[in-house]
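Spelled out from the first residue to the last, the chains are:
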Amino acid sequence: MPNQTIKRDVVILGSGPAGLTAAIYTARASLKPLLIDAPADAEKQTTPGGQLMITTDVENYPGFGHGIQGPDLMAEFRAQAERFGTEFMETWITEVDLSERPFQLYTETDQTISTQTLIIATGASAKWLGIPGEAKVPAGFGGNGVSACATCDGPLPAFRNKTLVVVGGGDTAMEEATFLTRYAAKVYVIHRRDKLRASKIMQEKAFRNEKIEFIWNTTVEEIVGTPEEGVTGVRLLNTETGEEQVFPCAGVFVAIGHKPNTDLFKGLLEMDEVGYLKTSGHSTATNIPGVFACGDVQDSVYRQAVTAAGTGCMSAIDAERYLDHLPVAMPSGEEITIEGEHITPDHKAIITPDGHMVPNESEA
Ligand code: NDP
């Protein structure tokens with residue numbers, strides 16, 4: 001139905017551990033949250049359920065002594081959010097208006113969603129090298145030998161018993177390379193420096209794996225192949241010697257980190273130079289009162305499922321407090337209420353919405 005307006009107190013964007021935890025808490029608080037997730041899209045790299053949907057064993061999520069598969073864990077999160085009445089909607093939000101409350105969100109299907117609070121849990125997506133041959137088919141070999149997700153694509157027949165390349169030197173690259181050895185004949189990790197960024201335990205696991213070899217001080221300049229065969233090799237540049245070579249391989253897995261999904265909020269919400277949303281430090285409040293952010297979209301440091309779930313819980317409690325007319329800590333250090341009262345960082349005064357300053361003292 002075109003131009004239908006949906007009204008809510010709480011809208012959550014994103015269905016990873018952060019978004020679904022925010023949904024569980026706000027649903028249990030009888031706030032009837034609407035959770036919007038982007039449809040699955042290989043090109044835009046969106047997967048309802050977030051990055052755990054493309055992970056196999058999750059061994060570090062507390063409460064699962066024997067580990068759990070990523071998609072199974074997310075199915076549990078979702079079932080729990082559904083059980084308390086979370087409503088789900090799968091659509092792209094094309095534009096947001098955060099200039100006043102209620103905030104307006106516009107969908108690709110011409111619907112308008114109006115909400116008193118917004119919890120942003122849109123996560124992060126894999127980064128690409130930006131080299132020739134990397135783009136999606138037909139412009140390059142993306143989907144025909146180039147991938148950013150070993151768990152999704154590694155088991156494909158095209159990669160079985162073949163030589164594969166993983167680009168990057170962080171934990172993701174080590175994890176992807178280790179995973180790919182289940183299927184590949186050999187995996188070469190190509191890293192631009194002579195030292196890995198990955199944690200010691202992940203490095204050692206990769207060094208011990210006989211199917212993994214490292215090519216140091218080397219950048220991938222181009223991915224080569226044919227439309228029929230897909231990827232046949234990578235053009236490598238040794239940055240120490242300047243030597244170039246075409247290295248034969250049947251697949252390239254790019255594992256060079258992630259980028260927060262915040263394009264929708266550019267110019268509206270404060271972000272760091274990479275695009276991570278800035279939050280208070282004392283709460284999940286962004287610079288706009290009533291807009292909260294949780295999970296990988298605001299966390300460039302920890303980026304774990306459990307920390308995402310933890311901040312999802314914080315966002316839910318922050319939204320609840322805000323809707324209950326209680327003050328929420330802002331990035332500026334002051335606290336703000338839904339009525340627009342500002343409590344100064346030293347807690348000594350309240351500035352009313354019409355600009356008057358009154359002492360923050362109890363009458364007793
Ligand atoms: P990181 O940012 O940690 O590492 C990215 C790697 O890619 C670096 O080695 C970097 O090189 C390289 N790189 C970046 N850009 C380019 C480029 N344009 N060309 C070539 N190489 C490039 O990202 P990760 O995704 O690996 O990890 C992110 C976070 O997630 C980390 O905190 C990590 O610990 C965590 N993680 C944990 C896992 C686990 O515990 N199981 C699994 C996966 C991730 P350089 O080193 O030179 O900067």
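Computed from a prediction, not measured in an experiment: that's the story for all the values here.

**Student:** For this particular structure, what's the right way to read the overall build of the chain?
**Tutor:** Regarding its fold elements, the chain presents 6 helices and 24 strands. Dimensions of the chain, computed from the C-alpha atoms along their principal axes, are close to 75 × 45 × 40 Å. Looking at the 364 residues of the chain, the share that counts as buried comes to 47%. Counting only contacts in the chain whose residues sit at least 6 apart along the sequence, the fraction spanning at least 24 positions is 55%. Accessible surface, the chain: about 18,200 Å² in total, of which carbon and sulfur atoms supply 49%. Charge-centre separation for the chain: the mean point of 29 positive side chains lies 6 Å from the mean point of 49 negative side chains.

**Student:** What's the story with the site of the ligand in this structure? I'm lost.
**Tutor:** Taken together, 16 residues form the shell around the ligand, and within it Asp-171, Thr-172, Arg-192, Arg-193 and Arg-197 come nearest. Residue Gly-170 places a main-chain N or O atom 3.4 Å away from an oxygen atom belonging to the ligand. In isolation the ligand exposes 910 Å². Once the protein is present, 74% of that is buried. The element contributing the most residues to the shell around the ligand is helix H4 (residues 171-180), with 3 residues.

**Student:** Hey, could you run me through the pattern of salt bridges in this one?
**Tutor:** Counted according to the given criterion, the structure contains 8 salt bridges. Among the ionic pairs, Lys-200 bridges to Glu-204, the shortest N-O distance being 3.4 Å. With Lys-200 and Glu-204 both in helix H5 (residues 200-208) and 4 residues apart, this pair spans about one turn of that helix. For Lys-200, a relative accessible area of 61% translates into the label exposed. Here Glu-204 falls in the partly exposed class, since its relative accessible area comes to 35%. Taking the shortest distance from any N to any O, the salt bridge between Arg-235 and Glu-222 comes out at 3.1 Å. In this pair, Arg-235 is assigned in strand E15 (residues 230-238) and Glu-222 in strand E14 (residues 218-226), connecting sequence segments 13 residues apart. Among the ionic contacts, a cluster of salt bridges with common partners joins Glu-222, Arg-235 and Glu-244.

**Student:** So what exactly am I meant to see when it comes to the sheet that holds E14 here?
**Tutor:** By definition, the strands of a sheet pair up through backbone hydrogen bonds, in either a parallel or an antiparallel sense. Sheet architecture is open: 3 strands sit in the order E14-E15-E16, paired in antiparallel fashion. Only two strands of the sheet have a single neighbouring strand rather than two, namely E14 and strand E16 (244-248). Averaged over neighbouring strand pairs, the angle between their axes works out to 30 degrees when direction is ignored. With 5 bridges joining them, E15 and E16 adopt antiparallel strand pairing. Counterpart to Arg-235 in the pairing with E16 is Val-246.

**Student:** For this particular structure, what's the right way to read helix H1 (residues 17-28)?
**Tutor:** Owing to its 3.6 residues per turn, the α-helix aligns residues three or four sequence positions apart on the same side. For H1, spanning 12 residues, the distance from its first C-alpha to its last is 16 Å, which sits close to the expected 16 Å at 1.5 Å a residue. A large share of H1 lies buried, amounting to 10 of its 12 residues. By the burial criterion, the buried members of H1 are Pro-17, Ala-18, Gly-19, Leu-20, Thr-21, Ala-22, Ala-23, Ile-24, Thr-26 and Ala-27. Packing partners of the buried residues in H1 comprise strand E1 (5-13), strand E2 (34-37), helix H2 (70-83), strand E5 (87-90), strand E8 (112-120) and helix H6 (305-323).

**Student:** Which parts of the structure should I look at to understand the sheet that holds strand E17 (residues 251-254)?
**Tutor:** Spatially, the 5 strands line up as an open sheet ordered E10-E17-E11-E12-E13, and their pairing is parallel. Each having just a single partner strand, strand E10 (146-147) and strand E13 (212-215) make up the two edges of the open sheet. As defined by bridge partners, strand E11 (residues 163-167) adjoins strand E12 (residues 186-190) across 5 bridges and the pair is classed as parallel. Following the sheet pairing, Val-165 is matched in E12 by Tyr-188.

**Student:** Please clarify how the side chain of Thr-286 should be interpreted in this entry.
**Tutor:** Relative to the helices and strands, Thr-286 resides in the loop between strand E18 (258-260) and strand E19 (291-293). Classification of Thr-286 by relative accessible area gives buried; the value is 1%. Here the side chain of Thr-286 touches Val-291 through a polar contact of 2.8 Å, landing on its backbone oxygen. With residues near it in sequence (within four places) discarded, Thr-286 still touches Leu-269, Lys-278, Thr-279, Val-291, Phe-292, Ala-293, Met-330 and Pro-331.

**Student:** I'm lost on unusual backbone geometry in this one. Help?
**Tutor:** For residues besides glycine, phi is generally negative; the peptide bonds are generally trans as well. Of note, the amide linkage connecting Arg-101 to Pro-102 takes the cis form, showing an omega dihedral of -5 degrees. Looking at the element boundaries, Pro-102 is found in the loop between strand E6 (93-97) and strand E7 (103-107). A cis amide bond links Val-137 with the next residue in sequence, Pro-138, at an omega value of 10 degrees. Looking at the element boundaries, Pro-138 is found in the loop between strand E9 (124-126) and E10. Even without a glycine there, the phi angle at Ser-30 is positive, about 60 degrees. Residue placement: Ser-30 occurs in the loop between H1 and E2.

How each quantity is defined
- Residues numbered from 1 in each chain as written.
- Predicted model: local features only at pLDDT ≥ 70, side-chain atom pairs only at ≥ 80, totals over all residues.
- Heavy atoms only, no water.
- Helix = DSSP H or I, 4+ residues; strand = E, 2+ residues; numbered from the N terminus.
- Buried < 20%, exposed > 50% of the residue type's maximum accessible area, 1.4 Å probe, protein only.
- Contact = heavy atoms within 4.5 Å.
- Areas by Shrake-Rupley, 256 points an atom, 1.4 Å probe, with all protein chains shown as cover.
- Lys, Arg positive; Asp, Glu negative; His and termini not counted.
- Charge placed at Lys NZ, Arg CZ, Asp CG, Glu CD.
- Near = heavy atom within 4 Å.
- Polar contact = N/O pair within 3.5 Å; in protein donor to acceptor, adjacent residues only side chain to side chain.
- Salt bridge = Lys/Arg side-chain N within 4 Å of Asp/Glu carboxyl O.
- Pairing = 2+ DSSP bridges.
- Axes fitted to C-alpha atoms, helices over the stretch in contact; angles between N-to-C directions.
- Expected span 1.5 Å × (residues − 1).

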